[in-house]
Amino acid sequence: MKIYNCFKNHMRTFIILFVLTAGKFVWAENGVFLLTGNQLDKAMLQGISLETAGEYTVWVWSMDSQPVFVYINDQCLHINRKENAAEAYSWKKVGNFKVEEAGLNSLRLFSDDRAKVLKPRVVGWLALSLQPDWNPEAYFNLTKVFPHSVEKVDDKRLGILRSNRHYYSFPEYDSQWKWLQRKQELRDHILVSMGNYPALAKTPLNAAIFDKIEREDYTIEKVYFESFPGFFVTGNLYRPKGKIGPFPGVVSPHGHWGRGRLADEETGSVPGRAINLARQGHVVFNYDMVGYVDSKQVDHKFGGPQEWLWGISLHGLQFWNSIRAVDFLSSLEDVDPERIGCTGASGGGTQTFCLMAVDNRVKTAAPVNMISAHFQGGCLCENAPNLRIGANNVEFGAMMAPRPLLMVSATGDWTTETPRVEFPAIRSIYELFDAGDHVHSVQVDAPHNYNKLSREAVYAWFGKWLLGVDDPEALREKDFSMEKDEDVRVFPDQLPDNAVTAEQLTAYLKAQSELQLQDVFPKDQPSLRALRLRARTALRHVLGAAQPAAFDLVVQRLHLLQQDHLTIEHVLIGRKGVGDQIPGILLIPQNWSDSNIASLIVHGKGKSALIDPNSGKPNECVQRLLEKGQIVFLPDVFMTGEYDSPFEKARREIDIPHFLTYNQSETALRVQDVLTAAAYLQSRREAKRINLIGLEEAGMWSLLAAPFLQSLDSVMIDACGFENGEDALYLEKLFIPGLRRAGDVRTAQALLAPIPAMIFNTAGKFETKWVETTYNTAGAADSLKIVENEITPDLLDAWLRDLPLE
């Protein structure tokens, strides 16, 4: 027996609604939505199939200033233009026509009597009804915040708000405490974005050092070690000769020179800097970027949406290799682990500041030609998804404070403004620690580089802080000779037998993520606390979402109507300084003061799906809530409902490099809008208690939002038969980079306890083990209800009746 879903429209056959959009003719799903579809010409050719014979009333929603002639079969119905009419739209009853028998009927639309084709953007909707007294205006009053215009939602998030080439300002911090709070937030954000939260297990390095080359005052050796089992970091180790250790260690990543760590050009010599640092008394490890020289297991274009779901990215792999490079250097007997430096230029500069930002073992650093306020990096290996949502490279650079930092810049690239923009910003953080002399800026008059002048600036800086030599003249670069490639290559012919492929590495990382999650399965109170700490941090940074404070809301009240014992408010809500704009309908029953309870209902297709187009009234379950005196708020979250105008489907501009590094996914923005809508509802004086109800696809959006809502009274989640262990479904319906690494909807469920929660429509597919165990462990088993079928009005009544009053 089919369960009747009280939150879904069931379109009766005697009303047909059409939408004409941008020269296209489409059916409106359930008579409500504006969707793209078949072209108008095709509809004109094929006709309209009407399943019921009888007399139909014809309505059009059209521009008041334009006449419209509607031909159905051989019958002509028309409306005249209104004199002196503005460019507004309204519903007009065009007339009636008879259908003698069910079947195909022709349709034509003209600007006058068969003479002119209808002008574009004149008719937005066309409706046919067997009910002579049906009036679509009541329906529009409950579904449209723009009932008389084709104005579309002006949400700035539909455009490009952030990219790797936007100009990012540095906030002012007036206390060390405020900065340290921000630094911890940034540190967590970097680790989550890199797929390293919680920290990945450090497996044995199994390092091999071999084939030493002896030179007069330094040596070169080949090195490989395993950053993950079977995944090799390759490079060369340069050591001082004729000096007594232990020595400082220098982690030396290269940038995007074509020959990688072997590059020796006027603009940059990776071996040259290692040779000179070794002569001066450092142990230097030059290592390959992923996909360069000897690191051939994974291509430098590695990664895509499926890997990103698990927090696996090219940038994340290189970041982990850098962490393990510090492990490797620190393990050497002739290296002092308390004196570790890091330097690299361009992409190697990005690796440098990402490492130094989170690894306090790096005691001094010199990222070269990379920390910029208006260019954040152009390669996949510098742009992990989510990484720069609400963050930028200047902030990452400031995280080094108060450890010594040298900022080397060039006049001929994106660091041209460093002495007057980025350097003062970062120095302001050092001054909070009374360490202004621990940061220094040097600019070289050259194009993008790590040339001799840049290298000598780094030699002097490392000499001062790692060697205790404060004499730049003593640390000038000396001439050096390059070795033959074959003499320094680690794997010139073939990889070791246990080398993994990219697919095997991905499978390993997914498995490790799942093992870490199982370690905090909430079987007892300590594991529950560990799960909540981990999940809240990980999900917060993956989503990039937060409930705004009431004073951060921007609210526009557009209309106030009275209809059927309801006060109806049309509102647009957003957040200060963001530019978001969420259309919503607030329904306030006459007896609202009896309960002071409000329900936020989010539907995957928007608020229109909760209104019956036949009656123009809320559907049965919404009516039940109103009858109980509850205020009900129906928003269109991002890219749903009224985001589509009658003539244009909303489109998001995503055609920029590394879009998801700087901008939230559509799903994450919808989660944010649930939080914003809840904040608006809670700001209303009438609403003392809040229920959250998520329906169809919005069930999962609401589930992800619920743990971050303050003062939530209860939550009802439509699982919609979502198979929460299938990557393909996350990619199709719930794509957020890093979501599966964060524990996906399992940890979101676990964070709900002890809030009263109903999860319905599981359809035997949605896994609820985590949420059931969590509620049991939290001693709140009675507050959870799992229902396999869709919700019914009676089930809703029973649920609301059982909720505690306080």
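Okay, so let's go over this structure. All residue numbers refer to positions counted from 1 along the written sequence of the respective chain. At least 70 in pLDDT is required for a residue's local features to be given in this predicted model, at least 80 for side-chain atom pairs to be given and counted, and no such filter applies to totals for whole chains, interfaces and linings, which use all residues. Side-chain numbers come from the whole structure's heavy atoms, not from hydrogens or water.

Here we look at the packing of helix H3 (residues 176-193) against helix H13 (residues 525-543)
To define axes, lines are fitted to C-alpha atoms, for helices over the stretch in contact only, and angles between the resulting N-to-C directions are given on a 0 to 180 degree scale. By the criteria applied, helices consist of DSSP H or I runs no shorter than four residues and strands consist of E runs no shorter than two, each listed in order from the N terminus. Direction vectors running N to C along H3 and H13 enclose 80°, while the axes themselves pass 9 Å from each other. What the angle tells us is that H3 and H13 run roughly perpendicular. Contact with H3, carried on its side by Glu185, Asp188, His189 and Val192, involves Thr537, Ala538, Arg540, His541 and Val542 of H13 and no other residues of that element. Under this grouping Gly is polar, as are all residues other than the nonpolar Ala, Val, Leu, Ile, Met, Phe, Trp, Tyr, Cys and Pro and the charged Asp, Glu, Lys and Arg. Along the lines of polarity and charge, the residues of the contact of H3 with H13 split into 3 nonpolar, 3 polar and 3 charged. Small angles under 35 degrees read as roughly parallel and large ones over 145 as roughly antiparallel, with 65 to 115 read as roughly perpendicular and the rest as oblique. For this analysis, residues touch if any pair of their heavy atoms sits within 4.5 Å.

Points about the packing of aromatic side chains
Working definition: a ring pair exists when centres of Phe, Tyr or Trp rings (six-membered ring for Trp) sit within 6.5 Å. Plane angles under 30 degrees give stacked, over 60 give edge-to-face, the rest tilted. Following the criterion strictly, the structure yields 28 aromatic pairs and no others. The interplanar angle of 55° and the centroid separation of 5.6 Å between the aromatic rings of Trp61 and Phe140 together place this pair among those described as tilted. Placement of Trp61 in strand S4 (residues 54-63) and of Phe140 in helix H2 (residues 136-143) is noted, with a sequence separation of 79 residues between them. Each residue's exposure class comes from its accessible area (1.4 Å probe, protein chains only) as a fraction of the maximum for that residue type: buried when under 20%, exposed when over 50%, partly exposed otherwise. For Trp61, a relative accessible area of 1% translates into the label buried. Given the relative accessible area of 3%, Phe140 is considered buried.

Section: the environment of Gly694
Here Gly694 is to be found in strand S29 (residues 689-695). Accessibility expressed as a relative area gives 0% for Gly694, which makes it buried. Between the alpha carbons of Gly694 and Ile601 there is a distance of 6.0 Å; along the sequence they are 93 residues apart. Not counting chain neighbours up to four residues away, the residues in contact with Gly694 comprise Val602, Gly699, Ser702, Met716, Ile717, Asp718 and Phe760.

Focus: the sheet that holds strand S18 (residues 335-345)
At least two DSSP bridges between two strands are needed for those strands to be called paired. Reading across the sheet, the 9 strands line up as S11-S12-S13-S17-S14-S18-S19-S20-S21 and stay open at both edges, with mixed pairing between neighbours. Bordering the open sheet on either side are strand S11 (208-214) and strand S21 (439-447), each of which pairs with just one other strand. Adjacent strand axes in the sheet meet at a mean angle of 20°, parallel and antiparallel pairs treated alike. As paired elements, strand S12 (residues 218-228) and strand S13 (residues 231-240) share 10 bridges and run antiparallel to each other. The residue bridging Glu226 from the neighbouring strand is Phe232, located in S13. Helix H7 (residues 347-358) contacts strand S14 (247-253), strand S17 (283-287), S18, strand S19 (362-368) and strand S20 (405-412) of the sheet and is inclined by roughly 150° relative to S19. Helix-sheet contacts for helix H10 (residues 452-467) involve S14, S18, S19, S20 and S21, and the interaxial angle to S19 is about 170°.

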